[in-house]
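Chain residues, written in single-letter form:
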Protein chains: 2
Amino acid sequence: MPVEAKPEATARTSPPLTERQEARRRRILHASAQLASRGGFDAVQMREVAESSQVALGTLYRYFPSKVHLLVATMQDQLEHMHGTLRKKPPGGETAAERVAETLMRAFRALQREPHLADAMVRALTFADRSVSPEVDQVSRQTTVIILDAMGLDHPTPEQLSAVRVIEHTWHSALITWLSGRASIAQVKIDIETVCRLIDLTEPDADR
Amino acid sequence: MPVEAKPEATARTSPPLTERQEARRRRILHASAQLASRGGFDAVQMREVAESSQVALGTLYRYFPSKVHLLVATMQDQLEHMHGTLRKKPPGGETAAERVAETLMRAFRALQREPHLADAMVRALTFADRSVSPEVDQVSRQTTVIILDAMGLDHPTPEQLSAVRVIEHTWHSALITWLSGRASIAQVKIDIETVCRLIDLTEPDADR
DNA sequence: CGCTAATCTAGAACAAGTTTCAGACTTGAT
DNA sequence: ATCAAGTCTGAAACTTGTTCTAGATTAGCG
């Protein structure tokens, strides 16, 4: 029986893509990011993505079953990039809280450089319904790894994981309020620093 | 003339609405909530809302310039309701953190009873772009009031306001992860309790 | 090579949010 | 009561995400 599986963003390993297919997928993601950088979520129009990446509309939908899937995959792509960058220059703070805050603010500044792209990706993430859960979850896991990296933890306690989840919540939501112009950059910074203090609470031996 | 429109905390904009207009507005919001309760964000179709509320499509758009505006207004409406309900039975916890957590969990359970409605409102909130900022801001302020109420504070310090903002971030984001099936109710509870511990950090004399 | 199933393409078609418009109806002021 | 300005209606049109179809191309296999 021939395999019926479609190419899928999350499963980079399951169905072996041919070289041309891999190239198509890459072209699509590139076009997506490019259009997003220009005009945000609304500027990523499926017909334009298809044309820019020299792929038929039907093919685009075979690779990414919806606009949200496409943008979430774009975010995965960018996150990998960022994780690599952050790894090269680890944060230098004394406490875990400081390092996490520094890392997130660094990520935040990177997003500031491409606010439209950030808009597209974040809107897609929060608008995603259940059909995109696996992909969104993957993004979430990737973010968790980045934060744990900054904390310098290998075996976090359940309490610490909970704190990390709260930090992620804050990070996403603060990003949204900034993107929609309801909070200043300074305020985002304060909120992130505030939530990072939670980390201190979960470190038995680190107190003030 | 005798515009008897007693502003129900929803400070309508400049022009005072006539009675029939107020009635139309109310019919629209009712239809919106009803459709949302049935099938969530997607089930709120502008043509159906118009038909259900016996209003022409163009009129619907005159009252609410977009689907997101409509749903955010629906949320304002529901929030007022909830604030009233919560006020009648204030939370009974010892510390501010406990009371806030209890309040939010109570609100959460209310949303659980109408998960589709919750879905519609929250998706609209996070998907809103700049053109809806004023309305979204209003929702945010209303939420802040509810939390400060639970804390029993009249004159919060900047630090406390920051903690409240972080709690709101967590609340929204946790709601989203629950709605999209990526987190259990138990997990939401833990996250809320975790973030509420931040409150203790901002109370110099609270027991620890 | 030659076959067959899978994939890709171009383009039409459909769905739902949004806009537009001409004409009927309300409202407020004279 | 009458008039002007503003509002509402019904219907069509437009936009963009999504689906569908028929035919061309490609990949893997004997």
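Residues numbered from 1 in each chain as written. Chains lettered and ligands numbered in written order. Predicted model: local features only at pLDDT ≥ 70, side-chain atom pairs only at ≥ 80, totals over all residues. Heavy atoms only, no water.

So, the interface of chain B and chain A
Part 1 of the argument: Across the boundary between the two partners, chain B contributes 35 residues, which contact 35 residues of chain A.
Part 2 of the argument: Between chain B and chain A the total buried area reaches about 3200 Å² when both faces are included, carbon and sulfur atoms providing 53% of it.
Part 3 of the argument: In this structure, the connection of chain B to chain A is made through 6 salt bridges.
Part 4 of the argument: Between Glu 159 of chain B and Arg 197 of chain A there is a salt bridge, and its shortest N-O distance comes to 3.4 Å.
Part 5 of the argument: Put simply, chain B and chain A have 16 residue pairs in polar contact (both at pLDDT 80 or more) between them.
Part 6 of the argument: Elements that contribute at least two residues to the side of chain B that touches chain A include exactly α6 (115–127), α7 (133–151), α8 (158–179) and α9 (185–201) of chain B.
Part 7 of the argument: A per-class count over the side of chain B that touches chain A returns 13 nonpolar, 12 polar and 10 charged. (Contact = heavy atoms within 4.5 Å. Buried area = accessible area lost by both parts, 1.4 Å probe. Salt bridge = Lys/Arg side-chain N within 4 Å of Asp/Glu carboxyl O. Polar contact = N/O pair within 3.5 Å; in protein donor to acceptor, adjacent residues only side chain to side chain. Helix = DSSP H or I, 4+ residues; strand = E, 2+ residues; numbered from the N terminus. Nonpolar A, V, L, I, M, F, W, Y, C, P; charged D, E, K, R; others polar.)

Some words on the relation of the copies chain B and chain A
Part 1 of the argument: Once chain B is rotated about the relating axis by 180° and shifted along it by 0.0 Å, it coincides with chain A to within an RMSD of 0.1 Å. What the superposition gives is, in effect, a two-fold axis relating one chain to the other. Closest approach to the rotation axis among the C-alpha atoms of chain B is made by Thr 170 of chain B, whose C-alpha sits 2.7 Å away.
Part 2 of the argument: When the interface residues of chain B are mapped onto chain A, 100% of them again lie at the interface, so the same face is used by both copies. (Least-squares fit on C-alpha atoms with pLDDT ≥ 70 in both.)

Notes on the packing of helix α1 (residues 19–39) of chain B against α6 of chain B
All names here are of chain B.
Part 1 of the argument: The interhelical angle for the contact between α1 and α6, taken along N-to-C directions, is 115°, at an axis separation of 6 Å. Between α1 and α6, the angle falls in the class roughly perpendicular. α1 and α6 meet at a crossing whose hand is right-handed. Taken together, the residues of α6 that come into contact with α1 (itself represented by Ala 33, Ala 36, Ser 37, Arg 38 and Gly 39) are His 116, Leu 117 and Ala 120.
Part 2 of the argument: Here the residues of the contact of α1 with α6 sort into 4 nonpolar, 3 polar and 1 charged. (Axes fitted to C-alpha atoms, helices over the stretch in contact; angles between N-to-C directions. Parallel < 35°, antiparallel > 145°, perpendicular 65-115°, else oblique. Left-handed = near helix turned anticlockwise from the far one by under 90°.)

Let's talk about the protein's contact with DNA strand C
Part 1 of the argument: Surveying the vicinity of DNA strand C reveals 20 residues, the closest of which are Arg 24, Thr 59 and Tyr 63 of chain A together with Arg 47 and Lys 67 of chain B.
Part 2 of the argument: For DNA strand C, the fraction of atoms within 4 Å of the protein that belong to sugar or phosphate moieties is 69%.
Part 3 of the argument: In the environment of DNA strand C, a phosphate oxygen lies 3.0 Å from a nitrogen or oxygen atom belonging to the backbone of Ala 56 of chain A.
Part 4 of the argument: For DNA strand C, a phosphate oxygen lies 3.0 Å from a polar atom in the backbone of Met 46 of chain B.
Part 5 of the argument: At the level of elements, α1 (19–43) and α3 (57–63) of chain A together with α2 (46–52) and α3 (57–63) of chain B are the ones that each hand at least two residues to the surface near DNA strand C.
Part 6 of the argument: Each residue belonging to the surface near DNA strand C can be placed in one class, and the counts come to 9 nonpolar, 5 polar and 6 charged. (Near = heavy atom within 4 Å.)

Examining the protein's contact with DNA strand D
Part 1 of the argument: The full set close to DNA strand D counts 18 residues, and Arg 47 and Lys 67 of chain A together with Arg 24, Thr 59 and Arg 62 of chain B are the nearest of them.
Part 2 of the argument: Backbone atoms, meaning sugar plus phosphate, form 67% of the atoms of DNA strand D positioned within 4 Å of the protein.
Part 3 of the argument: Contact between DNA strand D and Lys 67 of chain A: a phosphate oxygen at 2.9 Å from a main-chain N or O atom of the residue.
Part 4 of the argument: Residue assignment for the surface near DNA strand D shows that the elements contributing at least two residues are α2 (46–52) and α3 of chain A together with α1 and α3 of chain B.

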